[in-house]
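Chain residues, written in single-letter form:
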Amino acid sequence: MAGTMQQRLDQDSGLVVRRVFTTPGADPFDSVEWEKRTALIGDPDNPSFKQKNVEFPKTWSLTATNIVSQKYFRGQLDKPARENSVKQMIGRVAGTIAAWGQELGYFATEEDGNAFRDELTHILLHQYAAFNSPVWFNVGFEEQPQCSACFILSTEDEMDDILFWNTQEGKIFRGGSGSGINLSKIRGSMEPLSKGGTASGPVSFMLGADAWAGVIKSGGKTRRAAKMVVLEVDHPDILHFARCKADAEDFAKELDALGYDVSVDGKDRWRVPFQNANNSIRVTDDFMSLVEGGETAPWQVRWRIDGSQHDVVDPETGQPMTARELMVAVADAAWRCADPGIQFDTIINQWHTCPNSGRINASNPCSEYMHVDDSACNLASLRLTKFRLPDGTFDVATMRHVVDIVYLAQEIIVGPSSYPTEKIGDNARAFRQLGLGYADLGAYLMQSGLPYDSDEGRGLAAAITALMTGRAYLNSARFAEAVGPYDRYEENREPHNNVMRMHRDASREIEHCSDSMLLAAAQEDWEAAVAEGEINGYRNAQATVLAPTGTISFLMDCDTTGVEPDFSLVKLKDLVGGGRIKMVNQSVRPALESLGYKSNHIDEILEHLDAKGDLSDAPHLSDDHLPVFDVAVGARAISHMGHIKMMGSVQPFISGAISKTVNLPAKATAEDVMDAYIQAWKHGVKALALYVDGSKAAQAYVTVGGKKQAAKAAYTPSDVEAIVAKAIAEAGPRRNRMPKERQSLTHKAEVAGFEWYITAGLYEDGTVGEIFLTDIGKEGSTLRGMMNSFATAISIALQYGVPLETLVYKFSHMKFEPEGITRNPEIPFAKSMPDYIMRWLASRYMRHEPEHMEALGIQIPELAETTLVDGAAGEMKVTEVAPSEVPSEVKANETAEMGSSITAAPSNGNHSLPGLELGPACSQCGGMMQRTGSCYTCNSCGNNTGCG
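First things first, this report covers the structure right here in the doc. Note that the coordinates shown come from a computational prediction; the quantities given were computed from them, not determined experimentally.

Calculation notes
Residues numbered from 1 in each chain as written. Predicted model: local features only at pLDDT ≥ 70, side-chain atom pairs only at ≥ 80, totals over all residues. Heavy atoms only, no water. Axes fitted to C-alpha atoms, helices over the stretch in contact; angles between N-to-C directions. Helix = DSSP H or I, 4+ residues; strand = E, 2+ residues; numbered from the N terminus. Left-handed = near helix turned anticlockwise from the far one by under 90°. Contact = heavy atoms within 4.5 Å. Nonpolar A, V, L, I, M, F, W, Y, C, P; charged D, E, K, R; others polar. Pairing = 2+ DSSP bridges. Phe/Tyr/Trp six-rings, centres within 6.5 Å; stacked < 30°, edge-to-face > 60°. Buried < 20%, exposed > 50% of the residue type's maximum accessible area, 1.4 Å probe, protein only. Lys NZ or Arg CZ within 6 Å of the ring centre and 35° of its normal.

### Some words on the packing of helix α23 (residues 782-799) against helix α25 (residues 833-845)
Alright, step 1. Two elements in contact, α23 and α25, have axes separated by 12 Å at closest approach and are oriented at 30 degrees. Like other packed secondary-structure pairs, α23 and α25 cross with a definite hand, here right-handed. In this structure, α23 uses Leu783, Met787, Phe790 and Ile794 to contact α25, whose residues at the interface are Met833, Pro834, Ile837 and Met838.
Alright, step 2. Residues that form the contact of α23 with α25 fall into these classes: 8 nonpolar, no polar and no charged.

This is how it looks when you write it as structure tokens:
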């Protein structure tokens with residue numbers, strides 16, 4: 001056993017484990033069908049990862065296969081010792097945890113230990129739940145496994161302590177985890193040093209820590225280091241801290257303009273500071289009250305050495321700033337670059353179970369784990385859609401049992417796990433903080449026919465969350481009865497029990513939950529948790545969090561991550577053997593069934609969604625039901641208040657906090673961001689991370705009344721349309737006929753076994769000006785006549801200046817027979833002949849624009865593998881005019897206008913949709929990453945920058 005293994009627990013009786021899924025003597029792995037596959041990420045000819053003959057359950061998706069094989073199979077690739085089966089991986093983890101439990105004396109009998117092992121194996125195998133990444137990385141493989149994903153550190157205003165903080169972070173990153181720290185004890189940059197001069201200030205020390213994080217990959221594996229830095233709002237350097245990442249973003253743009261490669265993992269990226277941490281500001285209720293009330297007195301910061309109060313001063317104006325003006329500056333920085341986030345200190349510490357042992361000062365990188373300094377938390381998440389019964393109700397009995405088993409596994413892990421410092425190890429075992437959470441909430445609500453942004457949706461989410469946490473603490477009380485409460489419980493007995501009563505009382509106030517049995521079960525478990533805790537105490541100082549579940553959501557084949565709504569209704573799906581096809585989200589059909597639609601009508605609605613990318617004008621679909629299908633980005637994006645209200649609804653039933661991104665549209669201002677902060681505070685949220693669509697792109701600023709605001713673009717989308725329309729009207733239609741002699745390219749095409757030829761005629765400059773289709777059907781047939789008419793119409797449109805891009809996006813993904821597999825590896829599947837024709841033209845004459853290849857699902861060798869969501873909603877409005885005919889004044893403002901015009905009219909295929917650019921390119925496979933909480937996750941390879 002590991003050197004950190006505790007001695008056997010001193011107890012009178014252990015835990016009895018009930019079998020629900022398994023039977024004694026039967027192998028849980030026999031409950032599924034297995035098959036051999038090839039796991040592959042990237043270009044099939046030059047993959048970033050490939051492992052042949054991996055064994056997976058037939059029900060697991062190819063995405064899960066690729067990600068699990070790359071991330072969680074242990075051993076050197078292409079060596080016999082490397083794992084090649086889910087049986088080995090789950091057996092390694094579940095078997096090791098069960099053996100730990102037996103040795104530590106958790107179980108009443110050996111059979112109870114065997115039952116626990118089998119039940120945990122079944123739960124993991126059938127994707128009911130998953131542990132955080134460090135458990136999959138390390139348990140059963142490392143001699144002293146680091147099992148926690150989240151750590152909170154501390155530092156004093158001493159150089160040795162500051163340097164020790166850097167050492168601790170390096171060890172944490174090496175083990176595959178992330179950390180957070182509050183730097184508010186470090187004196188400000190204007191405060192004196194004892195031997196003369198002034199201090200460096202916390203922001204300067206952040207530079208050094210950021211550099212270390214930039215060169216240490218998590219666990220030497222696949223993830224970048226993840227970290228959080230917190231500073232309190234009364235710190236002397238608060239304004240510098242608030243603006244440091246936004247200023248770094250401006251610096252990056254300047255370097256890029258000078259020709260430096262500052263892209264993610266670019267050779268000059270190291271020159272840009274503060275890129276490896278999430279920054280958050282701690283604010284109190286007193287501060288927020290001043291912000292809301294518009295108090296005119298200057299906000300005062302406190303010097304760390306002598307405690308003296310000083311006005312915070314705007315360096316640009318030299319004038320003192322009020323609390324509201326300071327918050328506007330914070331909001332402006334977040335509007336520019338999505339940092340800093342906000343943590344509401346008063347609310348956080350009101351719900352603190354252990355205040356007598358120290359206050360909560362910081363969080364983990366994604367803001368969901370919050371507890372005492374120098375502590376750790378291991379995470380696990382449930383897949384909520386696994387608990388949806390055929391009649392639409394919640395499977396309370398199964399949920400309770402899964403929580404019982406998974407929570408016990410997390411509790412067992414605490415003891416044998418290793419920790420980066422002795423102090424963290426001592427606190428982890430003294431408080432035994434756990435972080436059970438869930439994913440697939442957005443999918444569960446959609447499948448239930450409930451809008452994410454609705455009272456009913458929030459009521460159901462609150463009840464589910466209350467059941468999970470109430471059941472976890474009931475288990476914690478029962479563990480305490482069997483093996484004793486956590487070491488620091490007695491000194492915190494009353495505050496801990498008071499927080500339990502606060503949770504219980506909140507469960508009594510849940511409204512708008514249509515599932516009465518679920519709500520009753522949640523309230524019943526909370527009553528029992530409080531009652532048994534009063535007698536036995538609790539084994540764990542913390543039980544639940546809502547993590548981003550970036551990578552493990554792919555392991556579980558979730559449709560949605562964490563507490564998030566669905567990202568989009570149409571996505572690209574990997575095909576066995578290579579390539580991708582566009583597919584409708586798997587939650588849409590069950591949602592339509594829940595809403596009472598007939599089967600044939602559902603098929604027509606899904607065909608419309610598949611072809612158009614959204615549900616606007618879908619046949620048979622009632623406008624009243626459209627909110628059920630609202631998603632994170634696009635024309636029907638959920639409002640920021642929809643996100644905040646959901647967080648406020650579930651927060652009272654979470655021990656820690658919620659990692660979640662709240663999206664605002666590109667037109668949002670810094671004042672809108674500040675209002676979101678105020679609304680989150682009012683709704684009792686503990687922490688908030690915001691992202692304004694396009695905030696990572698270049699944005700112009702003007703100064704109005706001493707405050708930075710977005711500059712109004714010279715032309716709005718309607719202005720651009722009017723100018724283009726006027727130009728067309730004045731110029732009139734003009735045909736550029738093909739030359740008498742021209743180059744051409746002929747291609748043999750095939751869709752579902754139906755063969756024909758495409759010939760593209762070219763202008764002198766190499767652009768396509770006409771197409772011919774030959775050998776399509778018999779002479780005189782309807783098919784031949786219609787397709788030749790189609791080719792003629794396309795040719796004339798091209799010669800009149802309609803951009804090829806416009807025609808490609810208009811006719812790609814049209815769906816009718818013949819459709820099916822092709823022999824073209826760049827277009828492995830076509831939905832119709834026009835779909836194939838237009839995407840083939842794009843593959844030859846738009847190839848220099850890889851973003852189009854990506855959006856159209858065309859696999860070209862130059863393009864890194866990605867699974868960007870395709871078309872969040874709607875069809876891009878493209879003006880049919882030759883580029884040469886666009887007035888120069890329109891071209892000059894094209895870049896500045898792009899963010900708002902795309903928001904107004906989302907594209908059905910263009911990758912530059914608002915929201916799709918939320919993250920940087922993936923460092924592992926090149927795909928674009930999307931936000932999951934405060935972090936980023938790649939939908940292609942599962943690479944995650946946070947808690948995973």
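### Here's the deal with the sheet that holds strand β22 (residues 754-762)
Paired through their backbone hydrogen bonds, the strands of a sheet run either parallel or antiparallel.
Alright, step 1. Judged by pairing direction, the sheet is antiparallel, and its 3 strands sit side by side in the order β21-β22-β23 without closing on themselves. Edge positions in the sheet fall to β21 (744-751) and β23 (768-774), since each of these pairs with one other strand and no more. Averaged over all pairs of adjacent strands, the angle between strand axes in this sheet comes to 25 degrees, irrespective of strand direction.
Alright, step 2. Two strands pair when backbone bridges link them, and β22 and β23 are joined in this way by 6 bridges, in the antiparallel orientation. Its bridge partner being in β23, Leu762 is matched across the sheet by Val768.
Alright, step 3. Packing against the sheet, α25 makes contact with β21, β22 and β23, and its axis sits at approximately 40 degrees to β22.

### Overview of the packing of aromatic side chains
Alright, step 1. Applying the stated criterion across every chain yields a total of 21 aromatic pairs.
Alright, step 2. Taking the centre distance of 6.1 Å and the plane angle of 35 degrees together, the rings of Tyr72 and Trp136 count as tilted. Placement of Tyr72 in the loop between α1 (62-71) and α2 (86-104) and of Trp136 in helix α4 (residues 133-138) is noted, with a sequence separation of 64 residues between them. The two residues Tyr72 and Trp136 agree in class, both being buried.
Alright, step 3. Considering the side-chain rings of Phe107 and Phe116, the 5.3 Å spacing of their centres and the 35 degrees angle between planes classify their relative orientation as tilted. With respect to class, Phe107 is no different from Phe116; both count as buried.
Alright, step 4. One aromatic cluster is present, built from ring pairs that chain together Phe431, Tyr473, Tyr486, Tyr489, Trp526 and Tyr538.
Alright, step 5. It is Arg74 that lies over the ring of Phe141; its NZ or CZ is 4.2 Å from the centre.
Alright, step 6. Here the guanidinium or amino end of Lys87 rests over the ring plane of Trp34, the centre of that ring lying 4.9 Å away.

### Some remarks on the environment of Gln679
Alright, step 1. Topologically, Gln679 is positioned in helix α21 (residues 670-682).
Alright, step 2. Of the residues examined, Gln679 reaches a relative accessible area of 18% and is grouped as buried.
Alright, step 3. When the C-alpha positions of Gln679 and Ile644 are compared, they lie 7.5 Å apart, and in sequence the two are 35 residues distant.
Alright, step 4. Ignoring anything within four residues of it in the chain, the contact list for Gln679 reads Met641 and Ile644.

### A word on the pairing of β23
The two faces of the sheet receive side chains in turn, since in a regular strand these alternate between them.
Alright, step 1. Counting buried positions along β23 gives 5 out of 7 residues, so the element sits mostly inside the fold.
Alright, step 2. Connecting β22 to the next strand, β23, in antiparallel fashion are 5 residues, including Gly766 with a positive phi near 90 degrees.

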